[in-house]
Amino acid sequence: MSPDDDSVGGGVDRLVGAVADGEDLAVEAALRPKDLGEFIGQRRVREQLDLVLRAARARGGTADHVLLSGSPGLGKTTLSMIIAAEMAAPIRITSGPAIQHAGDLAAILSSLAEGEVLFLDEIHRMSRPAEEMLYMAMEDFRVDVVVGKGPGATAIPLELPPFTLVGATTRAGLLPPPLRDRFGFTGHMEFYEPAELERVVHRSAGLLGVEVTAEGAGEIAGRSRGTPRIANRLLRRVRDYAQIRADGVVTREVAASALEVYEVDALGLDRLDRAVLRALLKLFGGGPVGLSTLAVAVGEERETVEEVAEPFLVREGLLARTPRGRVATPAAWRHLGLTPPEAPPGGQPGLFGT
Ligand SMILES: Nc1ncnc2c1ncn2[C@@H]1O[C@H](COP(=O)(O)OP(=O)(O)OP(=O)(O)O)[C@@H](O)[C@H]1O
Ligand SMILES: [Mg+2]
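S.K.: Describe the pairing of strand E1 (residues 66-69), naming the residues involved and giving the relevant values.
M.R.: Neither face of E1 is exposed, since Val-66 and Leu-68 on one face and Leu-67 and Ser-69 on the opposite face are all buried. Two elements, E1 and strand E6 (residues 164-169), share four bridges in a ladder whose sense is parallel. If you follow Leu-67 over to E6, its bridge partner there is Gly-167. For E1 and strand E7 (residues 185-188), the ladder comprises four bridges, and the chain directions are parallel. Across the sheet, residue Leu-67 finds its bridge partner in E7, namely Thr-186.

S.K.: So what's going on with the pattern of salt bridges? Which residues, and what values?
M.R.: In the structure shown here, the tally under the stated rule is 22 salt bridges. Here Arg-92 ties to Glu-116 by a salt bridge, and the two come within 3.4 Å at their closest N and O atoms. One end of the pair, Arg-92, is in strand E2 (residues 91-95); the other, Glu-116, is in the loop between helix H4 (102-110) and strand E3 (117-121), and 24 residues separate them in sequence. One salt bridge in this structure joins Arg-321 and Glu-310, with 2.8 Å as the shortest N-O distance. In this pair, Arg-321 sits in strand E8 (residues 319-322) while Glu-310 sits in helix H13 (residues 302-315), placing the two residues eleven residues apart along the sequence. Exposure remark for Glu-310: the relative accessible area of 0% places this residue in the buried category. A single network of salt bridges, built from pairs that share partners, joins Glu-306, Glu-310, Arg-321 and Arg-326.

S.K.: Report on the site of ligand 1, specifying residues and quantitative values.
M.R.: Looking at ligand 1, there are 19 residues lining it, with Arg-32, Ile-40, Lys-76, Thr-77 and Thr-78 nearest. With respect to ligand 1, the backbone of Leu-74 contributes an N or O atom lying 3.4 Å from an oxygen atom. Look at ligand 1: alone it shows 630 Å² of surface, and the protein chains cover 95% of it. Put simply, the parts of the chain that give the shell around ligand 1 at least two residues each are helix H1 (22-31), helix H3 (76-86) and helix H9 (228-245). In terms of residue class, the shell around ligand 1 is built from nine nonpolar, six polar and four charged.

S.K.: Residues and numbers for the packing of aromatic side chains, please.
M.R.: All told, the structure shown has one aromatic pair when counted by the stated rule. Seen from their ring centres, Phe-141 and Phe-163 are 5.3 Å apart, and the 85° between their planes marks the pair as edge-to-face. Of the two residues, Phe-141 sits in the loop between helix H5 (128-140) and strand E4 (142-147) while Phe-163 sits in the loop between strand E5 (154-159) and E6, which places them 22 residues apart along the sequence. Just above the ring of Phe-191 sits the side chain of Arg-315; from NZ or CZ to the centre is 3.3 Å.

S.K.: Please give an account of unusual backbone geometry that cites residues and values.
M.R.: Across the junction of Gly-287 and Pro-288, the peptide omega takes the value 5°, indicating a cis bond. A positive phi angle is found at Gln-42, which is not glycine, with a value near 50°. Mapped onto the elements, Gln-42 comes out in the loop between H1 and helix H2 (43-59).

S.K.: Requested: an account of the sheet that holds E6, with residues and values cited.
M.R.: In space, the five strands of this open sheet follow the order E2-E3-E6-E1-E7, with parallel pairing throughout. Both edges of this open sheet fall to E2 and E7, since each of them pairs with a single strand only. For this sheet the average axis-to-axis angle between neighbouring strands, irrespective of direction, equals 15°. Note: E2 against E3, five bridges, orientation parallel. The residue bridging Ile-93 from the neighbouring strand is Phe-119, located in E3. Along the sheet, H2 makes contact with E1 and E7, crossing E7 at roughly 160°.

S.K.: I'd like a rundown of H13, residues and numbers included.
M.R.: End to end, H13 covers 19 Å across 14 residues, agreeing with the expected 20 Å (1.5 Å per residue, within 8%). Maximal helix bending in H13 amounts to about 45°, located at Ala-309; proline Pro-311 follows within four positions. Regarding H13, the residues found buried are Thr-304, Val-305, Val-308, Ala-309, Glu-310, Phe-312 and Leu-313. Looking at the buried residues of H13, the elements they touch are helix H11 (271-283), helix H12 (291-298), E8 and strand E9 (325-328). Just past H13, the residue Gly-317 takes up positive phi, approximately 70°.

S.K.: Tell me about the nonpolar core, and name the residues and values.
M.R.: Note on soluble globular proteins: their nonpolar side chains tend to be buried together. Membership of the largest hydrophobic core comes to 48 residues, with the highest contact counts inside it found for Leu-79, Ile-220, Leu-234, Val-238 and Val-250. Top element by residues in this core is H9. It accounts for seven residues. Contact partners of Ile-220, with chain neighbours within four places excluded, come to Val-201, Ala-231, Leu-234, Leu-235, Val-238, Val-250 and Ala-255. Of all hydrophobic cores here, the second largest spans 24 residues; its members include Leu-67, Leu-112, Leu-120 and Leu-175.

S.K.: Which residues make up the environment of Gly-226, and what are the values?
M.R.: The topology assignment puts Gly-226 in the loop between helix H8 (214-222) and H9. Owing to a relative accessible area of 11%, Gly-226 belongs among the buried residues under this scheme. When the C-alpha atoms of Gly-226 and Gly-268 are compared, they prove to be 9.5 Å apart, with 42 residues separating the residues in sequence. Every residue in contact with Gly-226, bar those within four places of it in the chain, is listed here: Leu-74, Phe-191, Tyr-192 and Leu-197.

Parameters and conventions
- Residues numbered from 1 in each chain as written.
- Chains lettered and ligands numbered in written order.
- Predicted model: local features only at pLDDT ≥ 70, side-chain atom pairs only at ≥ 80, totals over all residues.
- Heavy atoms only, no water.
- Buried < 20%, exposed > 50% of the residue type's maximum accessible area, 1.4 Å probe, protein only.
- Helix = DSSP H or I, 4+ residues; strand = E, 2+ residues; numbered from the N terminus.
- Pairing = 2+ DSSP bridges.
- Salt bridge = Lys/Arg side-chain N within 4 Å of Asp/Glu carboxyl O.
- Near = heavy atom within 4 Å.
- Polar contact = N/O pair within 3.5 Å; in protein donor to acceptor, adjacent residues only side chain to side chain.
- Areas by Shrake-Rupley, 256 points an atom, 1.4 Å probe, with all protein chains shown as cover.
- Nonpolar A, V, L, I, M, F, W, Y, C, P; charged D, E, K, R; others polar.
- Phe/Tyr/Trp six-rings, centres within 6.5 Å; stacked < 30°, edge-to-face > 60°.
- Lys NZ or Arg CZ within 6 Å of the ring centre and 35° of its normal.
- Axes fitted to C-alpha atoms, helices over the stretch in contact; angles between N-to-C directions.
- Contact = heavy atoms within 4.5 Å.
- Expected span 1.5 Å × (residues − 1).
- Bend = angle between axes of the 7 residues up to and from the residue.
- Core = buried A, V, L, I, M, F, W, Y, C linked by side-chain atoms within 4.5 Å.

Encoded structure:
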């Protein structure tokens, strides 16, 4: 795996991983909200986007380019489809890694219809030459197509119809500023509140024909790491359990027992997350310990620990990344039912209160 490849987790069987795969993709399509009104949460982005789209519609023009940034599973692809639907425009979907040559991009751009939405997923993983072609296309609706090779090569300017680029990235920080600045609007997607995820669970349950009580939805929402994709995935596993081991109704008890079977705990941590924490606490006394050592201890790749397990552990305040290595917080000890040591291991001031 190349260092900039962030599609990790291949070897790990993860129920809560936020990245979509197999079954997910099919169900996700069915569960996607179709317009802004149906889109739950993200109040700010929704309001901002609503203004952008309404104004463009009123002018009878094409909406400005939109950049959507946020963690996996928060609704970037969904919003891009909503943008096209709200503009009554067709949508073309591609991704940064799929565009390795500027020519690939030229082919797509030159075949766009007027007003079409071009959705460029993982835009931070586009090649440099394609990126530079995109600058001009975004700003002037024009590209230079290079014909021929070597000294005889000529650039033929090609006019493009006005279109709306919707870029999505899980890592806005990796976008070069010239690209970032060419978007007329950037929507930062936040993690969802439990109450919002409860609404997601109820909505999805309705679409899937699953009966779920308010408490049952709450139980699933609370373990979904602020991410609708995970909420939908947990709902489907809980539905299986309810169908086979209960009377089909998802109550709090059913949801809790089901998620215990799938090793998703009350905070939403899964097997890998807990393995990382347990190694950190039991083998290394809470740290600090280097990432590579920690990865070996749990039998995973460095990247898997760093990009799959750690972000949520850090977000939950269970683990801290320090210059000297990974350190467990007192909350981590409590969460695994262990007692933190008296003195801060390795003398990490601040983490242990005093
Ligand atoms: N606001 C929302 N309301 C209801 N459901 C949502 C919402 N946002 C996302 N979902 C659900 O979560 C699933 C994942 O969303 P989506 O594919 O848009 O995420 P993403 O941000 O594009 O993720 P990735 O970075 O992995 O591409 C969708 O199938 C959709 O059903
Ligand atoms: Mg997506």
